[in-house]
Amino acid sequence: MHVQRLELAELLSCVVNENRPFANTHGVDVQLELPDEPVLVLGDQGRLVQAVTNLIANACKFSPPGAIVDVSCQKADGRAIIEVQDTGPGIPVEFRPHVFQRFAQASPDHQQGRSGSGLGLAITKAIIEQHEGNIGFDSVVGSGSRFWLTLPLLGEQS
């Protein structure tokens, strides 16, 4: 990893802009909400871009046309928190324990023709854990999912 000081507003702005064409192919818009103050972390820019891109791509793939994917960043308890919220079908209860496993994919009925390798979330989890962070999600079947990741704030690492 090439660890450097990163300002998450800059990183997230770039990631969202780079993913707009992909979102457009799915008829989805991506909105970004950032705090007024800088959110500084130590991290590998390329790997964090990959992690957030994976979350945005999944949210776009699973959201219905015309939907908005919300990406946000905030600070709490010495951690940066990045959230990606979609309005897709949600994650089936029986699949939730497997979400971050390699090659894991929900049933074909749930995927509704959406393709993928089943590696994106496993890779994202590994990247975030390499950064001493955490990843998780909340999901309501029929209403969407919210994936979140946390990273230690610069100067507040354990």
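Before reading further, recall that the structure is shown in the block above.
Note that this is a predicted model, so its numbers are computed, not measured.

This next bit is on the pattern of salt bridges. As enumerated under the stated definition, the model contains four salt bridges in all. A salt bridge links Asp29 to Arg20; the shortest N-O distance between them is 3.5 Å. Note on Asp29: relative accessible area 36%, which makes it partly exposed. Here Arg146 makes a salt bridge to Asp138, at a shortest N to O gap of 1.9 Å. A relative accessible area of 22% means that Arg146 is categorised as partly exposed. In this structure Asp138 comes out as partly exposed when scored by relative accessible area, which is 38%.

This paragraph deals with the pairing of strand 6 (residues 134–140). As paired strands, strand 6 and strand 7 (residues 144–152) are joined by seven bridges and run antiparallel to one another. Residue pairing in the sheet places Gly136 in a bridge with Trp148 of strand 7. Here strand 6 folds back onto strand 7, and the loop between the two strands holds three residues, one of which, Gly142, carries a positive phi near 90°.

Here five bridges tie strand 2 (residues 29–33) to strand 4 (residues 68–76), and the two strands are oriented parallel to one another. For Glu33, the partnering residue across the bridge sits in strand 4 and is Ser72. A loop of two residues connects strand 4 with strand 5 (residues 79–85), the two strands running antiparallel in sequence, and Asp77 in this loop sits at a positive phi of about 55°.

Counting 37 residues, the largest nonpolar core has Val30, Ile56, Val69, Val99 and Phe147 as the members making the most contacts within it. Of all elements in the fold, only helix 1 (8–25), helix 2 (45–62), strand 4, strand 5, helix 4 (120–130), strand 6 and strand 7 reach the threshold of two or more residues within this core. Sort the elements by how many residues they give to this core and helix 2 lands first, with seven residues. Residues contacting Phe147, with those up to four places away along its chain left out, are Leu55, Ile82, Glu83, Val84, Ile91, Val99, Phe100, Leu121, Gly136 and Phe137.

This part takes up the sheet that holds strand 7. Spatially, 2-4-5-7-6 is the arrangement adopted by the five strands of the open sheet, whose pairing is mixed. Sheet topology places strand 2 and strand 6 at the edges, where each strand pairs with a single neighbour. With strand direction ignored, the average angle separating the axes of adjacent strands in the sheet is 15°. Helix 1 contacts strand 2, strand 4 and strand 5 of the sheet and is inclined by roughly 170° relative to strand 2.

Two aromatic rings are characterised by how far apart their centres lie and by the angle between their planes. As enumerated under the stated definition, the model contains three aromatic pairs in all. When the ring of Phe100 is compared with that of Phe147, the centres are 6.2 Å apart and the planes differ by 85°; the resulting orientation is edge-to-face. Here the residue Phe100 occupies a position in the loop between strand 5 and helix 3 (108–111), and Phe147 occupies one in strand 7, the gap between them amounting to 47 residues. In this structure, Phe100 and Phe147 share a single accessibility class: buried. Counting every residue linked through ring pairs, the aromatic cluster contains Phe100, Phe137 and Phe147.

Calculation criteria
Counting restarts for each chain, with residues numbered from 1 along the sequence as it is written. Local features in a predicted model are, by the rule used here, given only for residues with pLDDT of at least 70; side-chain atom pairs are given and counted only at 80 or more, and totals for whole chains, interfaces and linings are based on all residues. Based on all heavy atoms of the structure, the side-chain values leave hydrogens and waters out of the count. Throughout this description, the term salt bridge denotes a Lys or Arg side-chain nitrogen within 4 Å of a carboxyl oxygen of Asp or Glu. Buried, partly exposed and exposed residues are distinguished by accessible area as a fraction of the type maximum, computed with a 1.4 Å probe on protein chains only: under 20%, between the cut-offs, and over 50%, respectively. Each pair of strands is called paired provided DSSP finds at least two bridges between the two strands. Secondary structure is summarised from DSSP: a helix means a run of H or I of at least four residues, a strand means a run of E of at least two, and numbering begins at the N terminus for each. As used in this record, nonpolar core signifies buried Ala, Val, Leu, Ile, Met, Phe, Trp, Tyr and Cys residues forming a set joined through side-chain atoms within 4.5 Å. The contact rule is simple, with two residues in contact once any of their heavy atoms fall within 4.5 Å. Axes here mean lines fitted to C-alpha atoms, for a helix over just the part in contact, with angles spanning 0 to 180 degrees between N-to-C directions. For Phe, Tyr and Trp, rings pair up if their centres lie within 6.5 Å, where Trp contributes its six-membered ring, and each pair is then called stacked (planes under 30 degrees apart), edge-to-face (over 60) or tilted (otherwise).

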